[in-house]
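Coordinate analysis (summary)
Each chain is listed here by its residues.
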Amino acid sequence: MTLSICNFLSKGWEVSILAPLAFIQKEYALPLYTVGILSTVFIVSQISISFFAGKIAHAIHSRNVILLSIAASAVSWLVLFLSGSVPVLYLAYAFAGISSGLFEPIGNSLVAKISNSKNRSTAIGNFAAFGDMGRIAVLASATALAGLLGANRASGVLFVSGLGALFLAGIFIPKAAGAGNGEAGEIPVHLRDLLKNRKFCFATAAGIADSFSSASLYIWIPFLLIAKGIALANTLYFTVIFFAGYMSGRLLLGRLADRHGAPQVLMASKLAMSALIVLLTLLSGRVEMVVLLFFLGVFTRGSSPVIRAMVADSIDERVSFHNAFSAYSSASRGSTALCRPVAGFLASCAGVGSVFYMAAAVSLCTLYPAAKYKNGSCPIPGAGQNREAVLSDGD
């Protein structure tokens, strides 16, 4: 439960530091391209630290990584609160990216490690659902505070919340969390070993396609709705419905994956996602849009815990989940980062509808690695070696 609460805050802080960009742009009279640069600083920091999160966890233990993530978030809010110049803003968004990049792979790794393989998808789905609740609750609070107090003062309040969370996490996360979760007894696994694991590669390929097609889709929904005649002020309500679908999907698809198999559920969800996207671009009625957006949310990101469970299931229990999830997180987030400029270019050249058609097409690309994962064997990095041989190989 402590990890889930931390995920609630982490995901809430992640979206909340990006939401005030509109307020910051207005307060500092910044050109719009600066908003894009600041968000790029965030995601580059996020991806970069994700790749090394597993090694950091093995060096200082997972408990300290969680605490370091919360501290980095608090520092980002403090820098925003004290900032009086534009260059300082880049530092704030770098710390925010570090915070998110540290927490997600280690948090998911810990949940996957401590859960039974028979209900792993459900456990990861519940964990992710807490993050979606945080997105909605913390974002709503942060946006209200920014409108009431201004971006700087709102950042001060969120800094206090970060300090409080750090204090409570220090109390409630056991000091033996690192050793208790088996870090000391795990076999470190290197990237070259993971690349030899075909099932891990197929799961990661599915995650790359899934992230490219779905992780940034919410950004373009308001533009599609505006093109259908819905006022900009009303698009927020539709986006909330979409995020409610996110949360429901994580809870539902995780349970279905444990019952019917993760690859099968993933393939079915991606087929449903593609069909729903086509319907969304063709229909214009408000009732239809509400229903379609909710179910699109279910199948768009409800599949992410299913893929994370596939990643965990591809790794032997003795091998480091931290290293595997760090590599997976870095790859999937890199795909998200690549998608955004591609989608922006498409929207500018061919209209916003083309972004959704691209998402539908790339979503179908998930079917191949999911099918290969389903039919493949599971080579275990280091399974044919003794522990000492594996540990001496690179470290």
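Residues numbered from 1 in each chain as written. Predicted model: local features only at pLDDT ≥ 70, side-chain atom pairs only at ≥ 80, totals over all residues. Heavy atoms only, no water.

Remarks on a nonpolar patch on the surface
- Judged by side-chain polarity, Val 278, Leu 279, Leu 282, Leu 283 and Tyr 357 come together as a nonpolar surface patch covering roughly 420 Å² of accessible area.
- At three residues, the largest contribution of residues to the nonpolar patch is made by helix H13 (residues 262-282).
- Its location among the elements puts Leu 279 in helix H13. (Patch = residues over 30% accessible without salt bridge, like charges linked within 9 Å, V, L, I, M, F, W, Y side chains within 5 Å. Areas by Shrake-Rupley, 256 points an atom, 1.4 Å probe, with all protein chains shown as cover. Salt bridge = Lys/Arg side-chain N within 4 Å of Asp/Glu carboxyl O. Helix = DSSP H or I, 4+ residues; strand = E, 2+ residues; numbered from the N terminus.)

Some remarks on the nonpolar core
- Of all hydrophobic cores here, the largest spans 101 residues; its most connected members are Ile 66, Leu 80, Tyr 93, Ile 277, Leu 280, Leu 296 and Phe 356.
- The leading source of residues in this core is helix H5 (residues 86-114), at ten residues.
- With near-sequence residues (within four places) excluded, Leu 296 lies in contact with Leu 217, Phe 242, Met 273, Leu 276, Ile 277 and Leu 280. (Core = buried A, V, L, I, M, F, W, Y, C linked by side-chain atoms within 4.5 Å. Buried < 20%, exposed > 50% of the residue type's maximum accessible area, 1.4 Å probe, protein only. Contact = heavy atoms within 4.5 Å.)

Digging into the packing of H5 against helix H6 (residues 120-149)
- Two elements in contact, H5 and H6, have axes whose closest approach is 9 Å; the angle formed by their N-to-C orientations is 140°. Of the two elements, H5 crosses H6, and the hand of that crossing is right-handed. On H6, the residues that touch Phe 103, Gly 107, Asn 108, Val 111 and Ala 112 of H5 are Arg 120, Ala 123, Ile 124 and Phe 127.
- Taken together, the residues that form the contact of H5 with H6 break down as six nonpolar, two polar and one charged. (Axes fitted to C-alpha atoms, helices over the stretch in contact; angles between N-to-C directions. Left-handed = near helix turned anticlockwise from the far one by under 90°. Nonpolar A, V, L, I, M, F, W, Y, C, P; charged D, E, K, R; others polar.)

Observations concerning the side chain of Lys 228
- The topology assignment puts Lys 228 in the loop between helix H11 (217-227) and helix H12 (235-260).
- Of the buried charged residues, Lys 228 lacks a salt bridge, with Glu 288 as the closest side chain of opposite charge at 10 Å.
- Within polar-contact distance, the side chain of Lys 228 engages the backbone oxygen of Leu 283 at 2.7 Å.
- Here Lys 228 is in contact with Leu 280, Thr 281, Leu 282, Leu 283, Ser 284 and Met 289, once residues within four sequence places are set aside. (Lys, Arg positive; Asp, Glu negative; His and termini not counted. Polar contact = N/O pair within 3.5 Å; in protein donor to acceptor, adjacent residues only side chain to side chain.)

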